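Summary of structural features
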Amino acid sequence: PDELAGISPKTMVKKRLETEIEALRLARAEALDDIANSMRVELEIAGNAFKWTDAPLEVQFADASVSDGKLEAVKSFIAETAGG
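These lines cover the structure that appears in this document, whether it is placed above or below. Counting from 1, residues in each chain are numbered in the order their sequence is written. For this predicted model, a pLDDT threshold of at least 70 governs which residues receive local features, and a threshold of 80 or more governs which side-chain atom pairs are given and counted, while totals over whole chains, interfaces and linings are taken from all residues. Side-chain measures here rest on the full set of heavy atoms in the structure, leaving out hydrogens and waters.

1. Some details on the overall build of the chain
Helix and strand assignments follow DSSP, with helices taken as H or I runs no shorter than four residues and strands as E runs no shorter than two, numbered in order from the N terminus. Tallying secondary structure elements over the chain gives two helices and zero strands in all. Think of it in three bands: with a 1.4 Å probe and only protein chains considered, a residue is buried below 20% of the maximum accessible area for its type, exposed above 50%, and partly exposed in between. Burial status across the chain gives 13% buried among its 84 residues. Contacts are residue-level and defined by heavy atoms, with any inter-residue pair within 4.5 Å sufficient. Nonlocal contacts in the chain, meaning residues at least 24 apart in sequence, comprise 36% of its contacts between residues at least 6 apart. If you sum the accessible surface of the chain, you get close to 6900 Å²; carbon and sulfur atoms cover 55% of it. Using a 1.4 Å probe, the Shrake-Rupley method yields the accessible areas, and only the shown protein chains count as cover for residues.

Written as C-alpha cells, this is what we have:
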C-alpha cells in the first residue's frame, strides 16, 4: 500500500507490533470486564493506544539482515547486554 512507501522495515515492524499489542490489550480488557471489574490489565493506558514509550522496559529496534551481513546492531546489543 501507498502508506508504507518509504517506510523502513524497522519502522514497519515497530508499528505492526504496536498494532498487535493494542489489539491484544483491548481484547484482554474486554474479557476481564466480563470476569471482574476490579482486575487491571497490564499496559493499559486510559483511553490511549499502546506506544513503546508505555512499555515497562526499554525496547530497542534496529535494522538488521543476516543475508546482507548487516548485524552490527545485533552484535552491539548482545555485547552491551552481556556486559562486554
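2. Looking at the side chain of Glu18
Residue position: Glu18 is located in helix 1 (residues 9-35). Sequence-distant contacts of Glu18, that is, excluding residues within four places in its chain, are made with Phe50, Lys51 and Trp52.

3. Concerning the pattern of salt bridges
Each salt bridge in this description consists of a side-chain nitrogen of Lys or Arg and a carboxyl oxygen of Asp or Glu lying within 4 Å of one another. Considering all chains together, one arrives at four salt bridges under this definition. The residue Glu18 makes a salt bridge to Lys15 at a minimum N-O spacing of 3.9 Å. Remark: Lys15 and Glu18 occur in helix 1; sequence separation between them is three residues, near one turn of the helix. Judged by relative accessible area, which is 8%, Glu18 ranks as buried. Salt bridges linked by common partners bring Lys15, Glu18 and Lys51 together as one network.

4. A closer look at the side chain of Ser65
Relative to the helices and strands, Ser65 resides in the loop between helix 1 and helix 2 (72-82). Any pair of nitrogen or oxygen atoms within 3.5 Å is treated as a polar contact; in protein, a donor-acceptor pairing is required on top of that, and neighbouring residues in sequence qualify only through side-chain atoms on both sides. A polar atom in the side chain of Ser65 sits 3.3 Å from the side chain of Ser67. Setting aside residues no more than four positions away along its own chain, Ser65 makes contact with Lys70 and Leu71.

5. What about a nonpolar patch on the surface?
Patch rule: a residue counts if its relative accessible area is over 30% and it has no salt bridge; like charges are joined within 9 Å, and nonpolar side chains (Val, Leu, Ile, Met, Phe, Trp, Tyr) within 5 Å. Where nonpolar side chains cluster on the molecular surface, the patch consists of Val74, Phe77 and Ile78 and spans about 270 Å² of accessible area. Locating Phe77 in the fold gives a position in helix 2.

6. Focus: the environment of Glu20
Mapped onto the secondary structure, Glu20 falls in helix 1. In this structure the C-alpha to C-alpha distance between Glu20 and Phe50, which are 30 residues apart in sequence, comes to 9.4 Å.

7. Re the packing of aromatic side chains
We call Phe, Tyr and Trp rings a pair once their centres come within 6.5 Å, taking the six-membered ring for Trp, and we label the pair stacked below 30 degrees between planes, edge-to-face above 60, and tilted otherwise. Applying the stated rule across the entire model yields one aromatic pair. With centroids separated by 5.2 Å and ring planes inclined at 65 degrees, the aromatic side chains of Trp52 and Phe61 adopt a geometry described as edge-to-face. Here Trp52 falls in the buried class, since its relative accessible area comes to 16%. Judged by its relative accessible area of 24%, Phe61 is partly exposed.

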